[in-house]
Structure formats: C-alpha cells, structure tokens
Amino acid sequence: MSESPTPKPRAGRTAQGRRRVRGELALAALDLFAEQGFEATTVDHIAEAAGISRRTFFRYFRAKEDVVFPSHDERLGEVVDLLDGADPAADPLRVLAGTAEVVLDMYLAEPAVSLKRFALTRQVPSLRDKEITSIDRYQRVFARFLRARYADRPGGELHAAVAAAAVVAAHNHVLRQWLKSGGARDAKAELRTALDSVHAALSAPRPAEQDNVVVGVLRTAAPPDAVLAQLEHALRDLPQH
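Residues numbered from 1 in each chain as written. Predicted model: local features only at pLDDT ≥ 70, side-chain atom pairs only at ≥ 80, totals over all residues. Heavy atoms only, no water.

A.B. asks: Just give me the short version of the overall build of the protein, but keep the residues and values in it.
C.D. replies: Helix and strand counts for the protein stand at 10 helices and 0 strands. Of the regular secondary structure in the protein, the N- to C-terminal order runs α-α-α-α-α-α-α-α-α-α. Residues classed as buried in the protein amount to 40% of the 241 residues present. Counting only contacts in the protein whose residues sit at least 6 apart along the sequence, the fraction spanning at least 24 positions is 72%. Roughly 13900 Å² of accessible area belongs to the protein as shown, and the carbon and sulfur atoms make up 51% of that amount. (Helix = DSSP H or I, 4+ residues; strand = E, 2+ residues; numbered from the N terminus. Buried < 20%, exposed > 50% of the residue type's maximum accessible area, 1.4 Å probe, protein only. Contact = heavy atoms within 4.5 Å. Areas by Shrake-Rupley, 256 points an atom, 1.4 Å probe, with all protein chains shown as cover.)

Written out as structure tokens, the structure reads:
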C-alpha cells in the first residue's frame, strides 16, 4: 500500500506564505488607493478586491494603514537577528553596511509594492509620518548595535549615533533615487559606493588625545554627500593637538 503524500501547507501557514499573502493584499490595497483615494477606501473594499474575507484581512493587518507597509515589522526583526548574530571581531561599520544592503534588497524584492507605496506616501501625510517612524526604528537598532561595539571607546555613544545616522541617510538617499527613477537605477551598486564613502569618512585616523566633541544633527532624508561634507567641515575646524 503506497504512502499518501504529505499535504502541502496552505498559503499563510508558513513564513514565506504569510509574506506572499501580505504582498498580494498590499498590491490590491495600493491599487485601490490609487484609483479611489486612501480615505475613500475601506477594509471591506480591500478584502473584496483581494478575494478574501474581512476576518482574514485582520489576520494579517490591524488596520488599512498597516497594509501600506506589509512587512516592516518582520524586516526589522530580521535586521535585529542579523546584527545580534554578527561576528564580534568584524568591523562594526562593515557589519552595518552589509545590513543596510540587506534592507535595500527587501525593498528591491517587491518593486511593485515599493514603487506604489512611494507614490502614495507622497500624497498622504499620515502615511509619510508612519514611514518616517519606521525609518527611525531602523536607526535606533543600528545605533544600539554600534553603542555595544563602541562601549569601551572614548566618545563611543556619540560616534555610534552619528555613524548610524550616516548609514541610514546613505541608504535612504539611494533608495529614494531608485524609487524616483521608477526602479531603473542600479541601487545596489550605488549603495555600496555610498557606504564605502561613509566608512572612509568615519574610519579616518583620529588624534591620540581627544579633547573635543562634535555633535551632529542630521536629517534622515539628507543625501550622504551632504552628511559627509558637514562632518568633514566640523572636523576641519577643530584645533590640532
């Protein structure tokens, strides 16, 4: 008597399946938002367009705002796991650069969702605010990782904050340029170049005696060349020992 085949897990029962379903719901929602407006679109409209029940929708999202960012919490969790599992002997900035490339890959893996979301967030201020909040969460995770690595370094906490802001600014600038191009630019190559510049600027040899502190206030939307120019200008004005 032959063995019956092992039943395949239904969509949504595995991590990959849940991500696929969330992506499909996001695409259906984003199309509706573009057609009839964000405020005019309800959860019932989205569920009907996706061919699911309202109850199923709420298994994946708490509200219609969340469907615009279908995998942000999951992505952030993956980033935390990557940093927690990083080689303690590795260059912290290189670890952070590699993690930023992983985050970019997550956006590039779902180009339709990323591009439609970009168009929508430019039109709906509340969604733009939600996106800024999610960016801040990444920056805080990056800074926390660097603080741990720089714990024994003089000025380590400040250096961690500045480095995390610079890496996030580089990533966001490259991602934004890719989105504005409709996905035509080589975002991976551009991010590697930007992160190499950040690494070179932040890894420059420092004087043995550290009597000065530079405090930087950086916008997450600032392009990396502007961030680096501000840092170099501030460092250039410091007295030499």
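Once the structure has been displayed, the description carries forward.
A.B. asks: Please give an account of the packing of helix H4 (residues 72-84) against helix H5 (residues 92-108) that cites residues and values.
C.D. replies: Contact geometry of H4 with H5 gives a least axis separation of 10 Å together with a crossing angle of 155 degrees. The angle between the axes of H4 and H5 places the two elements in the roughly antiparallel class. Relative to H5, H4 is oriented so that their crossing is right-handed. Contact with H4, carried on its side by His72, Arg75, Glu78, Val79, Leu82 and Leu83, involves Val95, Leu96, Thr99, Val102, Val103, Met106 and Tyr107 of H5 and no other residues of that element. (Axes fitted to C-alpha atoms, helices over the stretch in contact; angles between N-to-C directions. Parallel < 35°, antiparallel > 145°, perpendicular 65-115°, else oblique. Left-handed = near helix turned anticlockwise from the far one by under 90°.)

A.B. asks: Quick rundown of helix H8 (residues 156-180)? Include the residues and the values.
C.D. replies: Here H8 contains 25 residues, and its C-alpha end-to-end distance of 36 Å stays within 8% of the 36 Å for a straight helix at 1.5 Å per residue. Buried residues dominate H8, accounting for 19 of its 25 residues. (Expected span 1.5 Å × (residues − 1).)

A.B. asks: Describe the packing of aromatic side chains, and please don't skip the residues or the numbers.
C.D. replies: Per the stated rule, a full pass over the model turns up 3 aromatic pairs. Centroid distance Phe57 to Phe58: 5.3 Å. Interplanar angle 90 degrees. Geometry classified as edge-to-face. For Phe57, a relative accessible area of 0% translates into the label buried. For Phe58, a relative accessible area of 35% corresponds to the partly exposed category. A ring pair is formed by Phe57 and Phe61, whose centres lie 5.6 Å apart and whose planes are at 45 degrees; its orientation type is tilted. Accessibility assignment for this pair places Phe57 and Phe61 in one class, buried. (Phe/Tyr/Trp six-rings, centres within 6.5 Å; stacked < 30°, edge-to-face > 60°.)

A.B. asks: Explain helix H2 (residues 43-50) to me, and be specific about the residues and the numbers.
C.D. replies: Among the residues of H2, Val43, Ile46 and Ala47 are the ones counted as buried. Summarising the axial view, the buried residues of H2 lie within an arc of 95 degrees, below the 170-degree limit, and thus occupy one face. Just beyond H2, the residue with positive phi is Gly51, at close to 75 degrees. (Arc of directions from axis to C-beta.)

A.B. asks: Help me get a handle on the pattern of salt bridges, residues and values and all.
C.D. replies: Under the criterion given, the structure shown has 15 salt bridges. The closest approach of N and O atoms between Glu78 and Arg19, which form a salt bridge, is 2.5 Å. One end of the pair, Glu78, is in helix H4; the other, Arg19, is in helix H1 (residues 15-36), with 59 residues separating them in the sequence. Between Asp136 and Arg140 there is a salt bridge, with its nearest N and O atoms 3.0 Å apart. (Salt bridge = Lys/Arg side-chain N within 4 Å of Asp/Glu carboxyl O.)

A.B. asks: I'd like a rundown of the packing of H4 against helix H7 (residues 125-149), residues and numbers included.
C.D. replies: Interhelical geometry of H4 versus H7 gives an angle of 10 degrees and a closest axis separation of 11 Å. Between H4 and H7, the angle falls in the class roughly parallel. Across the interface between the two elements, His72, Asp73, Arg75, Leu76, Val79, Val80 and Leu83 of H4 pack against Ser134, Arg137, Tyr138, Val141, Phe142, Arg144 and Phe145 of H7. Class assignment for the residues of the contact of H4 with H7 results in 8 nonpolar, 2 polar and 4 charged. (Nonpolar A, V, L, I, M, F, W, Y, C, P; charged D, E, K, R; others polar.)

A.B. asks: Before we move on, can you summarise the side chain of His171 with the specific residues and values?
C.D. replies: By the element assignment, His171 lies in helix H8. Filtering out sequence-adjacent residues up to four positions away, His171 remains in contact with Ala100, Val103, Leu104, Tyr107 and Leu191.

A.B. asks: A description of the nonpolar core should follow, citing residues and the corresponding values.
C.D. replies: Of all hydrophobic cores here, the largest spans 39 residues; its most connected members are Leu83, Phe142 and Leu146. When contributions to this core are tallied by element, the ones reaching two or more residues are H4, H5, H7, H8 and helix H9 (187-202). Sort the elements by how many residues they give to this core and H8 lands first, with 12 residues. Counting 20 residues, the second-largest nonpolar core is a separate cluster that includes Ile46, Tyr60, Phe61 and Val68. (Core = buried A, V, L, I, M, F, W, Y, C linked by side-chain atoms within 4.5 Å.)

A.B. asks: Report on the environment of Ala86, specifying residues and quantitative values.
C.D. replies: Along the chain, the position of Ala86 falls in the loop between H4 and H5. Measuring from C-alpha to C-alpha, the distance between Ala86 and Phe145 comes to 9.9 Å, with 59 residues separating the pair along the chain. If we skip the residues at most four places from it in the chain, Ala86 touches Val95, Phe145 and Arg149.

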